[in-house]
Amino acid sequence: MGDSAGLQFVSSYAFEAMQKVDVVRLAALSDPELRLLLPCLVRMALCAPADQSESWAQDKKLILRLLSGVEAVNSIVALLSVDFHALEQDARKEQQLRHKAGGSNGESILVSQLQHGLTLEFEHSDPLRRLRLTLSELLAIMNKVADSNGEFFLKSSELFESPVYLEEVADVLCILQAELPSLLPIVDVAEALLHVRNGDWFLCLLVANVPDSFNEVCRGLIKNGERQDEESVGGRRRTEALRQLCQMNPSQALNIRAMVVEECHLPGLGVALTLDYKPDTPDEAVSPLVSYVSGLLLGTNSKVRTWFSMFIRNGQQRKRESSSVLWQMRRQLLLELVAILPRSRSTRLPNDGGMEDEAASGYSGLREEHVVKASALLRLYCALVGIAGLRPTDEEAEQLLQLMTSRPPATPAGVRFVSLSFCKLLAFPTLVSTPEQEQLMVIWLSWMIKEEEYFESAAGVSASFGEMLLLVAMYFHSNQLSSIIELVCSTLGMKIAIKASSLSKMKTIFTQEIFTEQVVTSHAVRVAVTNNLSANITGFLPIHCIYQLLRSRSFTKHKVSIKDWIYHQLCETTTPIHTQLIPLIDAYINSILTPASKANPEATNQPITEQEILSVFQKGSRGGRQRFSITAQLLILYYILSYEENLLASTKQLALMQKKPKSYSAALMDQIPIKFLVTQAQGLQQELGGLHSALLRLLATNYPHLCLVEDWVCEEEVTGTLPLLRRMMLPSNTCRYSQSQLHQAFQKLPSSSPRLIRILEHLTLLSPGDLIPYAEALTASMALLLEPAVPRRILQTLNKLWMGLNTVMPRRLWVMTVNALQPSAKLLRQQRYTQNDLMVDPLIVLRCDHRVFRCPPVMDIVLHMLNGYLLGSKAHLQGHLKETADFDRQSQTISNLGVPGQPDTPEVTREELKNALLAAQDSAAVQILLEVCLPTSEEQQLGVSSKSLLRTNRGPTQGKQKLESLLSDLREVQCLICCLLHQMFIADPNIAKLVHFQGYPQALLPLTVAGIPSIHICLDFIPELLAQPQLEKQIFAIQLLSYLCTQYALPKSLSVARLAISVMGTLLTVLTRAKRFCFFMPTLPCLVAFCQAFPPLYDDVAALLVQVGQVCASDVATKVRDVDPFISLLHGGWRSCLTESSGFKSPAFAGKGPG
């Protein structure tokens, strides 16, 4: 609003005095300043105050004294003496009249026909008519604004434009709004004043006389404002008016700017307020303009970002105007940029262009206090160009390039500045347009390479710009331009649309002048590893560069060894784990196993040696503590497991290339505490990211015996809340026992039982990790606990300690336990088994001292180991098969060259042999365990028969205590074995089928049917078992079925029982006499169980019995030629009884009794 340029506005000092009613400040105002505030002061002096305090009375006197010398006060007092109620009624009538007339300027109730112009009428009118004239004109403008539908217009009003009467009109306007607030809402009045000349001046006076309405007026003007204020005259007038208001009340300028952003209206106003803002304590780092514009473009609110970007784009379409807020903003930013540039910078390079003569080239460093501000300016210009679409002028581009290629001090902020400058060059290569500028950029990049190590050491940061240079060079060599774009956007912290084609010039410079691929590879190996690498270290690190080089196979291509660098970096890690470590290991393993090209199969990296791996897990010499962190150990463990898995998976491809990488030895794996490390990782899942889950996957595949469900359940019991509370209550000064004391207590059993119990109970309070030193003493003495006089409490406590140790060191513990429980004859021969022996033959576990089979706590341990080794043996055989099958097949294929039609059978045969071996192994284990369930000869002498396996002891009185103990131990062992068999049958139902096809003693059927819940699956294959040609298998099937029918009276059992009865009837007719006797003597009692379980089978069973009797009678008749009458009579009576029992009476025997 340039039309009010010569008018005096209310100063911020005067507005603050009005806002606080500071009479002393008001008295200090000059007469022109005081004249603008008279309407409010006069009303304040004349109206009855709500504040009746003495202090206000004194202030009011001062106000009256202040007003007494001002002549214009009299005219204002005259205005206040008018009947405003009648005036309001006339005004409302005129509004109604105009509404009916459709807004046309016809007759007016407030003002009659004017004889002269509006200005002359105003001059010659009394106060009431002045009020009417001003009110009529104001209402006309307000009505027109309401009917304009948002279209701006400028109303030509003589009353508001005459410079002679502006102050009188302002007085009338302020009095009208104060006395008629319902008729003239201040927000509507403010909106109307924008449509007249000098409107901003009138608006400031109005708000100054009603200071409490400042925020209300500003919010109303912003809400009604345009989304893009510089696009229209109305928007610019509104912006100027609000800018004047904020100059009058600068303390609220930032709040008004926040309203602008909240409503997404008037972007130019927000920039203008920022340009006008003068902070009390200026921030030397970043200016308010940079902070504000950066916040809009780089904030999280996409709506605000789009709104302000549109302001930038639209502003560029108009011709350059000095009054444009956008050009004012750009000029201010350019001034700030030039202010921090090094003074001696120049793009004119010396003729030689050498790096040595730095003084001649005019390079001076960027001052340390300007580095942060320079970084902020670079990011802002990136956002303006990349997000808002700003097209920099030649001057801006020149100064930006000067700033980007300046050399900051070696501080963390300097490292950040160089990284931003480098990414800005990549994002906007058009800034480099002339050969001189291109040479300047090349020299600056060369300086970056030269000074990278110094910056990293001097600044004390791990992530320097050298890694970024390497990474970009690698991306250029592998043509991964999209990765460069992602890198640039990530470093700048904003999403910028960068065309891949725009990077062609930079690619040429990097790949041909600065970084050739061989230079990149050789330089990357010399880069030091990052100490204590973790996710807390942000930025681009050497690990990013090595990872990309591994993926592009640059190391193998140029025969550069990277093994030592990767090993040292894995050792220099800590939590939280860096996200690039696992992908790095995977890429490294792939480069070891897969050659870079088929033409050169030897072009692979070297794996980490076994000695280097062992050194990670060995304890240091000082205090026995680990030299490497748990993170390094877990990463090395992941490397080994993943390497072995990938080696097995790629054997086929390796065989085709006649290449067989070396696998890590079993001895190495035995020395690594796999389970202990995984247990430690479980408590650090959040800090380890996805490493814990990856380790579990590898364990479940390659070491299933370390992932038993029982172990996880046991871990909850060992590491749960209750054991933790018990350990917390353990006094720190409690008695600590050594391994030698524990060993001595074991050797002196049974006399040392109380002392041994105390030691073992103390050990139960320790964590599994603290129990590891006692493992050897506990296992070595287990054979001593098999003596008869050992208390049961010692055995149970030992079992508990063993299960706790099993959670941290299962494989080593199992080997020690198996060797300790060997029979005395083997111990004398000092035959020691290894982990590999037990994997190849898991049944070694059961070749233990026979006393173990009647010691339930120790038997529980043996069964746990057996289950683990059976699972481990399957994985071991599967791995062996994969490791050797493809090479054997490859050799066979080579030997069979030229032999057509050669069948490919060995692979199938090997798989079948493996499955047959595993099935034989499992079934042998089951048969041995079932045999253990049978009573020994000593137990049989004490009265334990096969029929008493499931009954409580009712033996003789003599030796009753010993018998009960034996029965109790036997019963407990039977329960443990049945539990394991139940798990095995569920895991693989084929085992149950194989075992029952093999058969086992009939005396065990009551035990297996009652003790193994999953044995009901036998109902599925009993029909197949009945169809076997061997008589023994048929007998076993019927006996098994009889117990199953009693235990599981199901419809399926009924149908199988019917089938069994039918089979028995069929066999009756085809078997010889001797075989009939062998078959029916053990199976006929089973018919009783069928009938007890299923009464509907009575008829079928009775018919079968009749048929059996008839066959037997006929067989007797053929054998005995001379039939004794008595025998004949007895035979007839027996047949009659059978017929009556079946419900059928033969006419020949009706009415005859048995005798």
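To be clear, the structure that these remarks concern was listed above.
All values reported here derive from a predicted model rather than from experimental measurement.

### Some details on the state of the cysteines
Then, number 1: For the coordinates displayed, the defined rule picks out zero disulfides.
Then, number 2: There is no disulfide at cysteine 246, and the cysteine sulfur nearest it, in cysteine 218, is 5.3 Å away.

### Examining a nonpolar patch on the surface
Then, number 1: On the surface, a nonpolar cluster with roughly 230 Å² of combined accessible area is contributed by Phe152, Leu154 and Val233.
Then, number 2: If you trace the backbone, phenylalanine 152 turns up in the loop between helix H9 (127-146) and helix H10 (158-161).
Then, number 3: For phenylalanine 152, a relative accessible area of 32% gives the class partly exposed.

### Focus: unusual backbone geometry
Then, number 1: Here the amide bond leading from threonine 575 into proline 576 is cis, since omega sits at -5°, within 30 degrees of zero.
Then, number 2: Following the sequence through the fold, proline 576 ends up in the loop between helix H31 (563-571) and helix H32 (581-593).
Then, number 3: A positive phi is found at cysteine 264, a non-glycine position, where the angle reads about 55°.
Then, number 4: Following the sequence through the fold, cysteine 264 ends up in the loop between helix H16 (253-263) and helix H17 (267-276).
Then, number 5: Judged by relative accessible area, cysteine 264 falls into the buried class, the value being 1%.
Then, number 6: Positive phi, normally seen in glycine, also occurs at asparagine 532, with a value near 50°.
Then, number 7: The residue asparagine 532 is located in the loop between helix H28 (517-526) and helix H29 (542-551) in this model.

### Here's the deal with the pattern of salt bridges
Then, number 1: A complete count under the given rule lists 29 salt bridges for this structure.
Then, number 2: Residue lysine 155 is joined to glutamate 137 by a salt bridge in which the shortest nitrogen-to-oxygen separation is 3.5 Å. Of this pair, lysine 155 sits in the loop between H9 and H10 while glutamate 137 sits in helix H9; the two residues are 18 residues apart in sequence, bridging distant segments of the chain.
Then, number 3: Using a relative accessible area of 14% as the deciding quantity, one classes glutamate 137 as buried.

### Considerations on the environment of tyrosine 292
Then, number 1: Along the chain, tyrosine 292 falls in helix H18 (residues 288-298).
Then, number 2: Exposure remark for tyrosine 292: the relative accessible area of 8% places this residue in the buried category.
Then, number 3: For the pair tyrosine 292 and leucine 380, spaced 88 residues apart in sequence, the C-alpha to C-alpha distance is 9.9 Å.
Then, number 4: Those residues in contact with tyrosine 292 that lie beyond four places of it in its chain are Arg257, Val261, Gly270, Val271 and Thr274.

### Examining the packing of aromatic side chains
Then, number 1: On inspection of all chains with the given rule, the structure shows 13 aromatic pairs.
Then, number 2: An angle of 45° between the planes, with centres 5.4 Å apart, marks the rings of phenylalanine 308 and phenylalanine 311 as tilted. With phenylalanine 308 and phenylalanine 311 both in helix H19 (residues 302-317) and three residues apart, this pair spans about one turn of that helix.
Then, number 3: You can call phenylalanine 311 buried: its relative accessible area is 2%.
Then, number 4: Taken together, a centroid distance of 6.1 Å and an interplanar angle of 75° make the contact between tyrosine 639 and tyrosine 664 edge-to-face. Here the residue tyrosine 639 occupies a position in helix H34 (residues 630-649), and tyrosine 664 occupies one in the loop between helix H35 (651-656) and helix H36 (666-670), the gap between them amounting to 25 residues.
Then, number 5: In this structure an aromatic cluster arises from ring pairing among Tyr588, Tyr639, Tyr643 and Tyr664.

The rules behind these values
- Residues numbered from 1 in each chain as written.
- Predicted model: local features only at pLDDT ≥ 70, side-chain atom pairs only at ≥ 80, totals over all residues.
- Heavy atoms only, no water.
- Disulfide = S-S within 2.5 Å.
- Patch = residues over 30% accessible without salt bridge, like charges linked within 9 Å, V, L, I, M, F, W, Y side chains within 5 Å.
- Areas by Shrake-Rupley, 256 points an atom, 1.4 Å probe, with all protein chains shown as cover.
- Salt bridge = Lys/Arg side-chain N within 4 Å of Asp/Glu carboxyl O.
- Helix = DSSP H or I, 4+ residues; strand = E, 2+ residues; numbered from the N terminus.
- Buried < 20%, exposed > 50% of the residue type's maximum accessible area, 1.4 Å probe, protein only.
- Contact = heavy atoms within 4.5 Å.
- Phe/Tyr/Trp six-rings, centres within 6.5 Å; stacked < 30°, edge-to-face > 60°.

Geometry only, nothing functional implied.
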